[in-house]
Amino acid sequence: MTQEITSTRANPLIDPALSVWHGEVALYLFVGGLVAGLMVITGLWMLRSSEGPRSRALSLLPWAAPVLLSAGMLFLWLDLENRFNVWRFYFAFRISSPMSWGAWILLAIYPASIALAWNMTPGDLQAAALRRLPWGPWLGRLGQCAMNHVRRVAIVNVVLGAALGIYTGVLLGTMAARPLWNSALLGPLFLASGLSTGAAFLLMWRLDEVERRLLGRADMWLILAEIVLIAAWLGDLAVRGAASRDAAWLVLGGPYTTAFWTLVVTLGLLVPLAGEWLEHRHHGVPGRFAATLVLVGGLALRWILVNAGQASGWAADLAAR
Amino acid sequence: MARDRKRYAMVIDTRTCVGCSACAIACKTENQVADGHSRVWIRTLTSGWYPALAMTVRSERCNQCTDAPCVRVCPTGASYYGPGGIVLVDPDKCTGCKACIAACPYGARFIDPATHTADKCTLCVHRLENDVPTTACQEICPTESIHVGDLADPSSEVSRLLAERDHYTLEPEAGTRPNLFYLR
């Protein structure tokens with residue numbers, strides 16, 4: 001049976017095979033995952049030892065979460081076609097819309113991540129900041145409030161971070177029209193990837209040896225979880241209908257195969273996993289090389305999935321290509 | 001979601017459609033669709049092994065789904081069910097996030113370059129709800145292949161056609177329960 005299809009619709013912009021979400025969305029998903037990872041890891045760190053000694057870098061890095069989140073929201077805003085209507089996100093809550101959930105989660109993350117960052121900031125820097133900032137006494141009272149609830153702030157960060165990490169995957173996973181995305185495993189996969197990039201981001205800075213070892217070991221397990229989830233996601237697509245199999249083909253022989261297996265699987269997962277395992281085995285300290293690769297792989301995963309997902313669809317003409 | 005008892009549907013006879021594109025042009029004129037964009041298009045499918053080939057010509061557009069993924073994913077409520085279950089877009093609420101475009105399995109939506117908001121077939125709701133019983137595409141169709149009516153009324157032409165003729169919907173596996181039917 002052959003199928004020849006022609007369409008006289010003169011509108012490439014509405015063709016489902018064409019991209020409507022571009023680099024901005026991939027960058028937003030990457031940064032969102034990274035922020036999720038930072039929040040979960042630093043939140044867990046505070047739950048584990050809020051009073052214990054920690055490096056100056058680890059004490060200050062939680063501030064990266066709200067800063068990076070702002071960058072992510074800028075990417076998201078740049079992707080909007082009708083940017084002046086952005087406020088509409090906050091005049092509605094649509095329970096069936098992952099994007100609506102995400103908009104509200106992002107808003108809740110600001111105070112939570114700033115509170116955690118404040119709690120982890122060394123006392124001398126807190127005092128210096130309060131002296132220089134306007135409304136110092138008022139901010140000091142707010143800061144004291146956060147300091148009085150160290151554990152609660154940490155738990156809220158872990159929960160919100162996990163929600164953000166899962167949401168970045170669910171945003172794509174609920175799109176039934178795009179078989180490559182339409183999997184419940186995308187949420188856990190993006191969460192694992194976000195946690196891994198969060199750990200890698202922290203490893204890029206001057207942490208002390210104990211912190212590096214712990215984060216390096218955690219990242220190793222997260223990379224392993226990511227590999228398992230990628231295998232499960234591809235397996236899930238392969239055992240479903242023809243449209244899902246055609247979607248899986250995009251990264252299993254199709255146009256995104258080389259990029260996916262080179263940038264995501266090999267450079268982003270297998271090489272850093274091997275590097276971290278060797279360092280762990282020989283009692284070395286995880287270096288920045290593996291961490292850089294994890295970050296590159298995390299970005300590549302989102303970039304490829306955003307683009308490849310839009311090339312997948314139910315339509316017979318897509319299946320026939 | 002605001003739904004009344006009416007359930008608008010469109011039925012297109014693929015046996016009589018000749019793919020002349022008059023429906024696409026009438027729609028553009030009636031709704032002043034932006035240049036380079038179209039709410040209606042023609043698809044021609046040829047299938048089978050030579051010489052036993054079969055050809056289907058279809059006039060396609062938004063499927064006015066009963067379970068519309070575009071309405072589900074819209075974060076601001078800009079996509080909604082209008083009169084008779086017609087899926088509509090409120091440009092005042094639309095942020096142009098394109099989630100609805102990504103969610104539509106039929107590729108029926110696009111961004112209007114003038115308003116920067118999502119646009120698509122409205123089933124000429126401005127006509128149907130103002131006592132004009134036809135859509136622009138239906139009115140122009142030279143072979144009378146396009147039928148629009150109320151599926152909730154068993155005596156309507158669309159109900160009768162669906163009761164009498166073999167028909168199908170597009171991508172039923174997407175689970176959207178379309179209200180655009182094609183007669184074989």
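Residues numbered from 1 in each chain as written. Chains lettered and ligands numbered in written order. Predicted model: local features only at pLDDT ≥ 70, side-chain atom pairs only at ≥ 80, totals over all residues. Heavy atoms only, no water.

A. The overall build of chain A, seen in detail. For chain A, the helix and strand inventory stands at 13 helices and one strand. Element order for chain A, N to C, with α for helix and β for strand: β-α-α-α-α-α-α-α-α-α-α-α-α-α. The C-alpha radius of gyration computed for chain A amounts to 21 Å, which stays within 12% of the reference 20 Å derived for 321 residues, consistent with globular compactness. A principal-axis box enclosing the C-alpha atoms of chain A has dimensions of 75 × 55 × 25 Å. (Helix = DSSP H or I, 4+ residues; strand = E, 2+ residues; numbered from the N terminus. Rg over C-alpha atoms; globule rule 2.2 N^0.38 Å.)

B. Just the side chain of B:Arg127, in detail. Residues and elements named next belong to chain B. Mapped onto the elements, Arg 127 comes out in helix α4 (residues 125-128). On the basis of relative accessible area, Arg 127 is assigned to the buried category, the value being 9%. Only 2.7 Å separates the side chain of Arg 127 from the backbone oxygen of Thr 134, close enough to count as a polar contact. In contact with Arg 127, not counting residues within four places along its chain, are Glu 30, Val 132, Thr 134, Thr 135, Ala 136 and Glu 139. (Buried < 20%, exposed > 50% of the residue type's maximum accessible area, 1.4 Å probe, protein only. Polar contact = N/O pair within 3.5 Å; in protein donor to acceptor, adjacent residues only side chain to side chain. Contact = heavy atoms within 4.5 Å.)

C. Seen up close, the sheet that holds strand β10 (residues 180-183) of chain B. Residue and element names in this part refer to chain B. Spatial ordering of the open sheet is given by β8-β1-β10-β9, a layout of four strands whose pairing is mixed. Either end of the sheet is taken by a strand with one partner, and the two such strands are β8 (146-150) and β9 (167-168). Where helix α6 (residues 157-164) meets the sheet, it contacts β1 (8-13), β8, β9 and β10, and its direction lies at approximately 110 degrees from that of β8. (Pairing = 2+ DSSP bridges. Axes fitted to C-alpha atoms, helices over the stretch in contact; angles between N-to-C directions.)

D. View of the nonpolar core. Counting 131 residues, the largest nonpolar core has A:Trp21 and A:Phe260 as the members making the most contacts within it. In terms of residues, this core owes the most to one element, helix α1 (residues 23-48) of chain A, which gives 14 residues. Ignoring sequence-local partners within four residues, the contact set of A:Trp21 consists of A:Asp79, A:Met99, A:Leu172, A:Met175, A:Trp181, A:Val306, A:Asn307, A:Gln310, B:Cys97, B:Lys98, B:Ala99 and B:Ala102. Counting residues in each nonpolar core, the second largest holds eight residues, with B:Val11, B:Val158, B:Leu162 and B:Leu183 among its members. (Core = buried A, V, L, I, M, F, W, Y, C linked by side-chain atoms within 4.5 Å.)

E. Region of the structure containing the state of the cysteines. Residue and element names in this part refer to chain B. Within this structure, the stated rule accounts for zero disulfides over all chains. The thiol of Cys 141 is unpaired, and the distance to the nearest cysteine sulfur, on Cys 20, comes to 6.3 Å. Overall, the relative accessible area of 13% leaves Cys 141 in the buried class. (Disulfide = S-S within 2.5 Å.)

F. The arrangement of the pairing of β1(B) in detail. Residue and element names in this part refer to chain B. Where burial is concerned, most of β1 is hidden: six out of the six residues are buried. Judged by which residues are buried, β1 turns out to be covered on both faces: Tyr 8, Met 10 and Ile 12 on one side and Ala 9, Val 11 and Asp 13 on the other are all buried. Examined bridge by bridge, β1 and β8 share five bridges and lie antiparallel to one another. Its bridge partner being in β8, Tyr 8 is matched across the sheet by Asp 150. Sheet analysis places β1 next to β10, joined by four bridges and oriented parallel. Residue pairing for β10: Met 10 is matched across the bridge by Leu 180.

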